[in-house]
Each structure stands twice: as C-alpha cells, then as structure tokens.
Amino acid sequence: MKSSDGALSGRLLGGSAIVAGLTLQLAPPALAQDTAGAAAAPGATSVTELVVTGSRIPRIGVTSPSPVAVLTNQEAKLQGVTHIEDLVNSLPQVNAGLNESQIGILGIATVDLRGIGAFRTLVLMDGRRLNPSDPIDPVPDLNAIPQEIVKRVEVLTGGASSIYGSDAIAGVVNFITDRDFNGLRMDAEYSFFQDDNNYTNLQELARSSGIAPPTGSVADGGVVNISVVAGKDFDGGRGHVTAYAGYRHNDAITAASRDYSICNLTETATFFSCVKDFTTSPAFFQDAAGDSLTLDPATGNTFRPFDVNRDGYNTAPYQYLARPDERFDAGFFANWRFSSAVQLYAEGQFAYDYTEGQFAPSGTLLNTFGVNCDNPLLSANEAATLCAGLGPTDIAQVTIGKRNVEGLPVTDGFEHSSYRFVVGLKGDLNDRWSYDVYGQYGVTHSTYTTRNDVSLAKLGRALDVVSVGGVPTCASVVDQSDPSCVPYDIFNIGAVTPAAESYISEGGAQHGYADQIVVSGDVVGKLGAYGIKSPWADEGVGIVGGAEFRQEGIGNTPDPVFVTGDLAFTSPSKPFDGTYRVYEIFGETHIPIAQDRPLLHSLSLDLADRYARYSLQGSVNSYKIGGDWAPVSDFRVRATYSKAIRAPNGHELFQADTIQQFPISDPCSGPTPAATLAQCENSGVTPAEYGRLPDTHSFNYVVGGNIHVRPETAKTLTVGGVFTPRFASGFWASVDYWDIKVDGYIGQFAPNASLSNCLTTGNPIFCDLIVRDASGSISLGQGLNAGHVIATQINTGSFQERGIDIEANYALPLGAVGAPDRGELAFHFVGSVALDSAIALNPSEGVFDCTGLFGPTCTGEGPNSPVPTWRHQLRLTWSKPGFPEVSLNWRHVAHLHSELGSIYPHLQSMAYPVDIKIPAYDYFDLAMNMDLLKRYNLRAGISNIFDRRPPVIGANANPQVTPGNMAAQIYDIFGRYIYVGVTAKF
C-alpha cells in the first residue's frame, strides 16, 4: 500500500484521528463502520454518520468513550498470518486463547481478552453474534470466520453486555467484512517454520537418557492458504452480491522435530532430567508387595527390578506441537434496496474443519488387573513372584504398565461443519428514524473420533488365560462369553501377536451439535429533529431501543465405549442435551452536551441498559455509563463504567456427570492413613472405618454441568485520554486504564484441593463436596453411586484484572526532515501494563496475584496463559510509491517468575533455579510487499528473524495447559516463520 493512498498518515477527522493502513491500530478514534458496513475513507474531508463497535447509535465523527483497537487485513498480510486467531493474539490486550499450537483440545480457535477466559469475550461478525462451535466448548470458533473477506477487526475493551448481551465481560471482538467488494480477488500464500535445533545442552541431556535428539536445521509446519472473492452490483446498483471461498491445509509439527521437546522435562537440583513413563515396553509390573519389576531381556520371561531411567518409555516424540489441519469455507453476502425505507439483506456461511491430535501408543496405563496364578503364559519365576502367598487357583492383583508398541499411536480427530444464515430488513423510515430487524440461525455439527486406544474390558479378558490341551486360551472363549478373545502375552518379550493387538485395540466416536437462533430488532432515532438537544450542542440526542430473542442448544451422543469408560487413554463421556432461551429488551442514548465551546470542544454522555430474562436463571440487568470530554480539539478524556453479565453456557449447564480418577491416594485410606482421625471425620469417615479403607492410589471425582449455576456479574471501568496535536500532523497517542472485577465466577474446585481443605479446615464449603460410600471410601467403584468428590460447575469466588494500555502512532514524510523523494516512515507502538491479576476463587486461599507469574495454579484457576507485567509491539514501516514497502516489527514480552517461588503460601512449592524465572523476550519480524502491474501484490516476510529459542520449563513449574516443556501461548515456539504470498485483483 502506498503512502500516496494516505495509508500511513494519521488524519484528523471531526476532531479525532483515523489511523488506517499497515500498522496495528487503536481507534481512540476507532476506525468505524458506517450504517451500510463500509469503512470511512482515510483522507475524507467530510464525515458521515458512523457506527462504532460498542454502540448501536450512528454519530458524527468516530469518537468513543471506550478504547477500540483496530487490526486491518493489511496488518494480517504484514504478519503473514494464515490463522485469524494469530492476528488477534498479536495484540497485547489479548491473552492467547486456544490455537493451532495446543494439544488435546477440540480443534477450535478462540480469543481471550485480558486472560479471563474465552467465554468472557464476545465474538461478533458485523455486529452480530456468532454461533457456538462445539458442545464441549460452546464458544465461537474463529475458523468459521471468512478470513479472506475480513476487512478489519475491532477490539473493544471493557464490559459491553448492555449493548450486545451476555459474554461481553472482558470486551468485544468484532470482525468487519467487506460486503461491498466489486471485482475479483484471488490470493495464495505458503508459509512454514524453520528452526536451527541448537539447544545443545538439552541435546546432551537427551543423549544421556538414551534418546536421540534432532540436530541441525529443520523446516516443517507448511501451510497452504488459497482464497477467492468476487463481488458485483446488479439491478442498476440497487443490489449487490459478494461471494467467497477459501481453502487451507496445515502440516503437523511433532515434538520429535525440536530438541527442546524431544522428551518431557522435570527439574533437578542443577538442570533438567528427561521424564520417562512407567507404562513402557516390554512392560512394568508391581506385585502385591509393592515391588517394581520388568522383564529381563537376557531371558525374556523372568523379572528383574524396574529402573525408570533405564526401562521407562519416552512418550514425548509422538505428540503434535502443531496439529495437521484442513479447512474449507464458502459463503455470500447480498443486499437489495427496494427503497430508502426497505433494504433486504441476506448472508450465508459454511465452514468445514478437520484437525487431528496424536499421542503415544496406549496401553494398560498402570491399571490393576487380576492375573490367575495358573496362567500358562507365566513362567515359573513370574508365577512365584506375582502369586507369592497365593494358591495355584487364586487371582493375583497386579498393577501393569504395558505400552501397546505393537499398535499405532493414539489419535484424536475433530471434525466441525458449521452453517450460519442471516436474513433481515433495514431502512430509513424518514430523516429521523431508521430500523434494522433480522433473524439468524447457526449450527455446528461436530464429530470427535479416537483411534488406536485400548479396551480395558478386553484387556482384562485377554489376560485371563487358561490352558486347554496345552494351548493358552482366554477363559472367556472357554465359557463362550467372548469367543473372539485372543490371549495377550505380555509376560514374554516379543510375544504379543498381531491378532492379540487387534483384539484389544479400540476406538470410538462422539457426535454433537451446538445451535443458535437469534431474532433481533432495533429502532434508531435522531431526537435533534424534535428539538431535543443541549443548548450548548449542535448535534441532537440519539437513541436506540430494541428487543432480542436468543435460543441456544447443545447435545452430545458418545459411543458406548465412552459411556462405559472402557477406553484406557480417553476420558469417559455421557450423552447430554439441553436448550436455554433468553428474552431481552435494551436501550441506549448518546447525549452531546456541549460542542465548540471554550474548554468544551466536545462533551457527551452515553447511557445504555439491557434487561434479560433467562429460561433457567431468571432476570438479570446490565448497564453502561460513558462520557467523553475534549477541552480542546487536541486532547480528549474518556471514561466508561459498566455492569456486565455472563450467563452460563450450555456446557456449564447441561454437561452430563461423569466419574473420573484423580491419581493420588485418599489420605484417609490404608492401614496407616496420612490424615488423622479427626481430619478424616471432617470428610465423613467414622472411627470404625478409620484405618480400614483400602488404598487404590487414586480417588473418584465427578465432573459435569449444573443447571443451578447463576450468571457471573462484572463491574468494569475504563478511563483514558487521547492526544492528537495539531502541531504534529500524523501523530496521536492514547493511554487507558482498565479494571475488570468478576464475581460469582463459574468454575470448579480442584478435587484434590477440596479434599485437602476439608480434612484440614472442616469447612462445609469443601466437606459438602466429599461423598463417601457405605464403607467410607471415595476410591472404590466406577458408577455415580460410588464414593466421590464433587467437582461439577459452581459459582466460586472472584477474579480481578487491572492494567494500562498505551498506544502511539506517527507518520513522518521524509521530505519534512530534508530528505525529499525518500518516501514516508510510519511508527506505531502498542503496549500493555498488567497491574493486577487477583484471584480469589477458593475461600480458604485468600487473594493471590498472578501478574507476572507462571505455573500450574495461575494458569489453572486464573488466565489461560501467563500475564506478563509488560508487553509491547513497535512497528516501523517505510513506503514510497513504486518501491517495495518494508516493515520491521519489534515484539517484547517482559520476564516471568515461577509461582512456586512466589510470596503466596497457596502457590509455593519446591522451586528450582533452572526455571524459577523466564527472562524477557524480544522478537523481530521483517515484512515486505510490493504492487506489480497494478493488478498484483507480492508479499514476503520472516517473523522471529533470529530464531529466538522458546523458554523451557519443567513439569514441576509448567502451566497445566502447555505442551512441549514451554509456556507456549505467548512465545514463538516453532522457530522462524517464513511466508510468501501473492494477491491478484481484476
């Protein structure tokens, strides 16, 4: 884009700057959407009435009492992004949500403003709500947004529930599409990652653990992205249609390709060590005496002591750091103007996405199995060891860790097909009143498929082997309960047959849906025509009133293997289905109080209120009070205070209860319990039961939804100023303070924390969550009637985040500094200070502040990724007509400390110097683009030019949600990102 287009210059428009073009942008001036959805021209000398994200009222100029950051599609091209979530995540205001670099999720991409959860960020497209993406995680999937037609992204900070309804606690991300495109545009881009693999100390560590690390340069993770957009007027310009289609293919990146992820790391006194798994090959055995054993390779069928460093299994290389992914989308936007009073519009979108995760081969995974002492597969040594003290017809209980290396790695496939349709009418009734009424339907069908797992039931039958005429035979074949059973010989090295592996191998699928119906309408009025305006203002009062109905439903139908919990590696799941409805009325007013007066260049007040009635939660109310004061045209102060709400989503309401295992012993179990009698009595154990509860090395807990969960409420405040000096054309700066406090936070108490807090404090908040069976156990049984700890959705405590956002832009024609005909330099800076990330979800823990901390609690109970005290980007762009445009970007992430060494007792644990601190990180990106022959644009770039290695942290300090030994969400983890693309316009 050329400077002659005005793309790099800050413009003054109606007393506010509009910044457009190549840079990451804030609209203190928000680059806004007019009533038809088109963008204001950067160099315009007159203004039209515009609609800014965060308000439904068109107004002259584009000032807003709330800060609105703007990202253009040109910024996407400069970053070379092929995933729209990566563009949004580049903002310091955004904590990286789920994206392509995470393992074990549902194949969806989300956005998380301020790090308080994607559920608390409302995602819109052209001001209308997107439908949920998946019944397990019913938030909008950014994959369903047509990236090829997105014109810009407007990011509003602060609560906006009074304008848009539930979920807008942290703010709003509004994707504005190009509905008025004319012509034909085709775009193709290829990108990949390149890494030098020069972490030599980790390579030596891997070799010392018997693991061959990758060395030298590697190039992988290739992405092909192709799109086409076509648009045309018809009926003499009364109508218009735009259609698009896109295709994207991602290659996988495995942990085996990077030296820092070739093994799972844990901390030692001096460095790291590679963690190997007890589920191994040939196998791990633990007998009744507690001895750890494995097969001796010298004999193949006798035991020797198990040593995890020598005999353990390295699971890391199988995992995907980036999942393979394939996406196709298509859609249209159409409108037809019958008259100024009636304009019909319609749109339809379809998106299909398939992605796959991979894990190490499944196996017995340290489950306990009954092994009959007369099993013909046992050698004399093995029988004597496992059945010590038992008779030949007895059953020995053996904990077994046999990795199914004879089979394939476990894979999880996630498939989503999303449909969305909108039809509406809008128009101007006269020069005072306009309306907009629409109906919207969206649905996503999902299929989750797991392959190459192991059936626990079949494992049990395949290990219950008897001799029939000297031939090892499953007992279930003899009694005809399962004639297909094949003996699973894990007691002799190399004895597992393909038939046995095929028999125990199991997979399954879950089919679900998430749908949404919205019927909404509003009427906008200009009351100045009736004389309703301030005596000190030229512009009259604007109002909007409307009503909305929304219905959301989710459902999930798993195969029987999920329902029974028969899969060794994959968590159980139960069917569920549910629907909720909400009826809302809302109103908003914009009141210009003074204009063009001494010390009152402009002064205005914004008010909004929304009343909502939910079919399950009852009535809630949200509101907003905002003000904007410019004493002179060069400086403006703005502030907004709001009450926002988030009603529980379908998953939090309707997810079926399932019982799972937590891998630690009940402190009240065993002959010598770790907890005292008094402590155990707090949790429901009687004196007669104390010391007599069996220890199974795990306890049951129940997860699920809760239809009694109440909506969250939040109070949000933003206060800031915008400086647009007339004496420095092309410059503007803004500073905004923000504060978000959420109460009644919907979440879960960790089951181990609930049990521990009940034992030590006797607090009924926690003790009421402990449900013991008739024998006093929470470890026996598998059904919901078994003893367990409740970990279903509840309203917990509070969460508060505070910070300061700073942005500045300056466009400098080089001719102004004595360098004529040298083009223009544009500088753009955006930074965010985190002041607080205060969490008080658990009454026994008090408040702790996770700002600048990383670790399993701060990213488990708090933000989804670490919150550095400071992040910024500084982009410098040079442009001159007829020459390539060149842009250099500097990204900075402040240092982080491990929560394990923090001042908070709840967070403190063993901390190691090797990862007690992550240093500050700096990345530099270079981009270039150039127009050719008027129709073509070429672009290329490299992000993370110097291949800055990601920070490595061990299992002790590692956040729960990050794979590959890294705090992955806020760092570049794959190395250099290299891309080249071309756009053709006709």
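Located above this text is the structure these notes cover.
None of the values given here were measured: they were computed from a predicted structure.

> Explain the side chain of Glu347 here, please?
One can find Glu347 in strand E25 (residues 342-358). Since its relative accessible area comes to 1%, Glu347 is described here as buried. Among the polar contacts listed, one links the side chain of Glu347 to the side chain of Arg179, at a separation of 2.5 Å. What Glu347 contacts, discounting residues up to four positions off in sequence, is Met125, Arg128, Arg179, Phe332, Phe333, Arg420, Phe421 and Val422.

> Got a minute to help me understand the pairing of strand E36 (residues 618-632) in this structure?
Two faces make up the sheet, and in a regular strand the side chains alternate between them. Sheet analysis places strand E35 (residues 600-614) next to E36, joined by 13 bridges and oriented antiparallel. Paired with Leu605 across the bridge in E36 is Gly627. The hairpin formed by E35 and E36 contains three residues between the paired strands. Counting the residues between successive antiparallel strands, the hairpin from E36 to strand E37 (residues 635-646) contains two residues.

> In this structure, what is going on with the sheet that holds strand E26 (residues 367-372)? I would like to understand it.
Whenever strands of a sheet pair, they do so through backbone hydrogen bonds, lying parallel or antiparallel. The five strands are arranged E22-E21-E20-E27-E26 in an open sheet whose pairing can be described as antiparallel. Every other strand in the sheet has two partners, leaving strand E22 (303-305) and E26 as the edge strands with one partner each. For this sheet, the mean inter-axis angle between neighbouring strands, taken without regard to orientation, is 40 degrees. Sheet topology note: the strand E20 (residues 284-286)/strand E21 (residues 292-295) ladder contains three bridges and is antiparallel. Note on E21: the bridge partner recorded for Phe284 is Thr294. Its contacts with the sheet place helix H7 (residues 456-463) against E26 and strand E27 (395-401), and it is angled at close to 25 degrees to E26.

> What is the right way to look at the side chain of His240 in this model?
Here His240 shows up in strand E16 (residues 239-250). Here the side chain of His240 touches Thr242 through a polar contact of 3.0 Å, side chain to side chain. If near-sequence neighbours (up to four positions away) are discounted, His240 is found in contact with Arg179, Asp180, Phe181, Asn182, Gly231, Lys232, Asp233, Phe234, Phe333, Ala334 and Asn335.

> How should the nonpolar core be read in this particular structure?
Among the nonpolar cores identified, the biggest contains 37 residues, and Leu142, Ile145, Val153 and Phe175 are the most heavily contacted of them. Broken down by secondary-structure element, the contributors of at least two residues to this core are strand E7 (68-72), helix H2 (84-89), strand E10 (121-125), strand E12 (150-157), strand E13 (171-177) and strand E41 (731-743). If we skip the residues at most four places from it in the chain, Phe175 touches Ile84, Val88, Val123, Leu124, Met125, Asp126, Leu142, Ile145, Val150, Arg152 and Val153. Of all hydrophobic cores here, the second largest spans 30 residues; its members include Leu293, Val398, Leu463 and Ile504.

> In this structure, what is going on with the pattern of salt bridges? I would like to understand it.
Close approach of charged atoms allows side chains of opposite charge to pair. What the rule picks out here adds up to 38 salt bridges. Among the ionic pairs, Arg129 bridges to Asp167, the shortest N-O distance being 3.2 Å. Of this pair, Arg129 sits in strand E11 (residues 128-129) while Asp167 sits in the loop between helix H3 (161-164) and E13, and the two are 38 residues apart along the sequence. Of the two residues, Arg129 and Asp167, both sit in the buried class. Of the charged contacts in the structure, one is a salt bridge between Arg420 and Glu347, with a shortest N-O distance of 2.9 Å. Of the two residues, Arg420 is situated in strand E28 (residues 411-428) and Glu347 in strand E25; the sequence distance between them amounts to 73 residues. Each member of the pair, Arg420 together with Glu347, is buried. It is possible to trace a salt-bridge network through shared partners that takes in Asp126, Arg128, Arg179, Glu347 and Arg420.

> Could you clarify how one ought to interpret unusual backbone geometry in this entry?
As a rule of thumb, non-glycine residues mostly have phi less than zero, and peptide bonds are mostly trans rather than cis. Residue Pro282 follows Ser281 across a cis peptide bond; omega there is 10 degrees. For Pro282, the location among the structural elements is in the loop between strand E19 (272-275) and E20. The backbone of Asp821 shows a phi angle near 60 degrees, a positive value even though the residue is not glycine. Note that Asp821 resides in the loop between strand E46 (798-813) and strand E47 (824-840). In this structure, Asp947 takes a positive phi of about 50 degrees despite not being glycine.

Criteria and thresholds
Residues numbered from 1 in each chain as written. Predicted model: local features only at pLDDT ≥ 70, side-chain atom pairs only at ≥ 80, totals over all residues. Heavy atoms only, no water. Helix = DSSP H or I, 4+ residues; strand = E, 2+ residues; numbered from the N terminus. Buried < 20%, exposed > 50% of the residue type's maximum accessible area, 1.4 Å probe, protein only. Polar contact = N/O pair within 3.5 Å; in protein donor to acceptor, adjacent residues only side chain to side chain. Contact = heavy atoms within 4.5 Å. Pairing = 2+ DSSP bridges. Axes fitted to C-alpha atoms, helices over the stretch in contact; angles between N-to-C directions. Core = buried A, V, L, I, M, F, W, Y, C linked by side-chain atoms within 4.5 Å. Salt bridge = Lys/Arg side-chain N within 4 Å of Asp/Glu carboxyl O.

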